[in-house]
Amino acid sequence: MTAENPSAPGCNPHMPLSQALLLPRIVIESTRPVIDGGQFAAKAIVGREVVVSAKVFADGHDKLAVRIRWREDGEESWHSQVMADQGNNGWEGQFRPGRQGRHWFLIEAWIDTFASFQYELEKKHVAAVPVSLELQEGRALVHQAAERSEGPLSERLAALHHELSGLPEAEQVALFLHPRSAQPMAEADHRAFLSISNPYPLDVEREQAEFASWYELFPRSVTDDPARHGTFNDVHGRLPMIRDMGFDVLYFTPIHPIGRSHRKGRNNALTAGPEDPGSPYAIGSEEGGHEAIHAQLGTREDFRRLVAAAAEHGLEIALDFAIQCSQDHPWLKQHPGWFNWRPDGTIKYAENPPKKYQDIVNVDFYAPEAIPGLWLELRDIVVGWVKEGVKMFRVDNPHTKPLPFWQWLIADVRALHPQVIFLAEAFTTPAMMARLGKVGYSQSYTYFTWRNTKAELAAYFTELNESPWRECYRPNFFVNTPDINPAFLHESGRAGFLIRAALATMGSGLWGMYSGFELCESAPVPGKEEYLDSEKYEIRVRDFNAPGNIIAEIAQLNRIRRQNPALHSHLGLKVYNAWNDRILYFGKRSPDGGNFILVAVSLDPHNVQEANFELPLWEMGLPDDATTHGEDLMNGHRWDWHGKHQFMRIDPSHQPFGIWRISA
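Note that this is a predicted model, so its numbers are computed, not measured.

Trainee: Can you explain the pairing of strand E22 (residues 583-589)? Please cite residues and give values.
Mentor: Here E22 lies mainly inside the structure; six of its seven residues are buried. Examined bridge by bridge, strand E21 (residues 574-575) and E22 share two bridges and lie antiparallel to one another. Across the sheet, residue Val575 finds its bridge partner in E22, namely Phe586. Strand direction decides the pairing type here: E22 and strand E23 (residues 596-602), joined by seven bridges, are antiparallel. By the bridge assignment, Phe586 is partnered in E23 with Val599. Hairpin connection between E22 and E23: a loop of six residues separates the two successive antiparallel strands, and Gly593 in this loop has a positive phi of roughly 80°.

In structure tokens:
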């Protein structure tokens, strides 16, 4: 019932009595996790607790029984779990979905007649109020329960009634209040005034949807000679180092044939030389389109061997799904009706002013000839790569394609392959970014890239932990991309790269970096957040043993992430007091409370910063003068903290952050 619907019963001032009598007496509202009233599925992880909360109340002082019921989509029977009274009409419970895929949950509540009787009986007994009449009413409740029950339960209740009838008043009170009475009476409860909420959807995914470390590279740049195109077979040699840095997802930019018409040259030049490889985002040539492999990378069998070899190193291959076409893409000839043509017979290339992409054109999802052919073709392309062992897709600019398309495609793919994960590369408005999460994207790029000050970061980290974001959106904190060379890194040196790596790895369960970040590459196009000599338009040869790299630090940050459950999600982050505007200080605690991590990051890559700060002893139920144990997770040093008020000093020339595990 909503105020927007004047025909709803709750909004009708002329409601007949017959209709009023059908309204629920017990109110169930403010249920979480619920997105837009259940229009979309909230996100969950298989095997991890789903915490359900709601406001549940009724008139009077009767005691309520409240339960969660849940089931997997297609499952006939419902599982059930008791919810606990949190006070002030709040109820909370949890359950663990055991399989991936769509689930449903609902809340049911009723007046617990016997619990209400016990509550009144105990109050009067303690107050020395005569209870003989109450005992008579209680015996009647047990008798009625025995009559409406069957089999052993009926026999137990009949025996209980007989036993109660022969006891003195004081012993009757004790037996009525004993669990031996409450348990069979709960089983026989007729659930008076039962109210049931709407069923709400839940999208249960594997752990990597919320906890993963992504490493992005151009396979063609895995070479020791800029004149020699790298191959899938060359990538085998990079797998051990990427694994040893602690990454578990290896993400390739598009691996498809690249068009020649309007091919871009170095540094986005409009004219390409004969040896320029072009942008891999200009997908399609006479060799094939999105289903094909660029010949210079290798064969399909080479790709399959690489997927298998990566898996042996604990790495999943993720592919870029970029729905754009070079002007040589086979679709332009095979399906011209999938595109918008100008009156002069030309086709409009892609633009994002002031950027122009003369080498690519976009499909028209709602062109008459594109429905349903284009939609089905794109779905089949994704499924085709899933069959090749790819279970993760980074989607290029999904916010420029129709939301109904994504809602259909993701659901259709995941209905058969629930392990598939979609990452949205969506740098756009908050409403659109949230909506992409709602329609099915497992995770998304974020505004983290442009949050640099303490106030900006604290506000953003906090916002991501609040509704509605926490239910629908999982942030992947990429520190850089081939398209984005963040301004903060241009002049901040090695310390700046460590600052951003610490913020990303500790701030979210998901983070990623584009190859070269570990070498502190930062040379920009003057005045722009773009890389000079961009790898999008040329083959980049790198020396990954170059002095000044931060490979060891990245490996340790990823190791810390894996070893500490508190860091497996962006959820649970709290910003604490550190009295210095250049130091961001926050903590994360695992749901069971057993793992508590504190992080302090200096946002100044050039100068020493100091601050008084507070240990969050209140989170651990400790007094302000308690002694706690600290451990520096970067170097293993251990110490004792005494009291709540402490002092820190961070020297960026050494390490611009601290990561501490605190315990009582």
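There is more to say, and it comes next.
Trainee: Run through empty space enclosed by the protein, naming residues and quoting values.
Mentor: As enumerated under the stated definition, the model contains two cavities of 30 Å³ or more in all. Taken as a whole, the largest cavity spans an internal volume of roughly 80 Å³. A breakdown of the residues in the lining of the largest cavity according to their chemical character gives seven nonpolar, four polar and one charged. Of the volumes computed, that of the second largest cavity is approximately 60 Å³. Taken together, His256, His290, Leu319, Asp320, Phe321, Ala322, Ile381, Trp385 and Phe393 make up the full set of residues lining the second largest cavity. When residues in the lining of the second largest cavity are grouped by element, the largest group, three residues, is from strand E13 (residues 316-321). Here the residues of the lining of the second largest cavity are counted per class, giving six nonpolar, two polar and one charged.

Trainee: Which residues make up the pattern of salt bridges, and what values go with them?
Mentor: For the structure shown, the criterion picks out 42 salt bridges. For Asp224, the salt bridge is made with Arg228, and the minimal N-O distance between the two is 4.0 Å. Arg228 sits in the partly exposed class, given a relative accessible area of 34%. Across the salt bridge formed by Arg394 and Asp396, the nearest N and O atoms sit 2.8 Å from each other. We note that Arg394, like Asp396, is buried. Residues joined in a network through salt bridges with shared partners are Arg48, Asp203, Glu205, Glu210, Arg414 and Arg474.

What counts and what doesn't
- Residues numbered from 1 in each chain as written.
- Predicted model: local features only at pLDDT ≥ 70, side-chain atom pairs only at ≥ 80, totals over all residues.
- Heavy atoms only, no water.
- Buried < 20%, exposed > 50% of the residue type's maximum accessible area, 1.4 Å probe, protein only.
- Helix = DSSP H or I, 4+ residues; strand = E, 2+ residues; numbered from the N terminus.
- Pairing = 2+ DSSP bridges.
- 1 Å grid on protein atoms, 1.4 Å probe; cavity = no way out; pocket = protein on both sides within 12 Å on 5 of 7 lines; lining within 4 Å.
- Points joined across faces, edges and corners; volume = space filled by probe spheres on them.
- Nonpolar A, V, L, I, M, F, W, Y, C, P; charged D, E, K, R; others polar.
- Salt bridge = Lys/Arg side-chain N within 4 Å of Asp/Glu carboxyl O.

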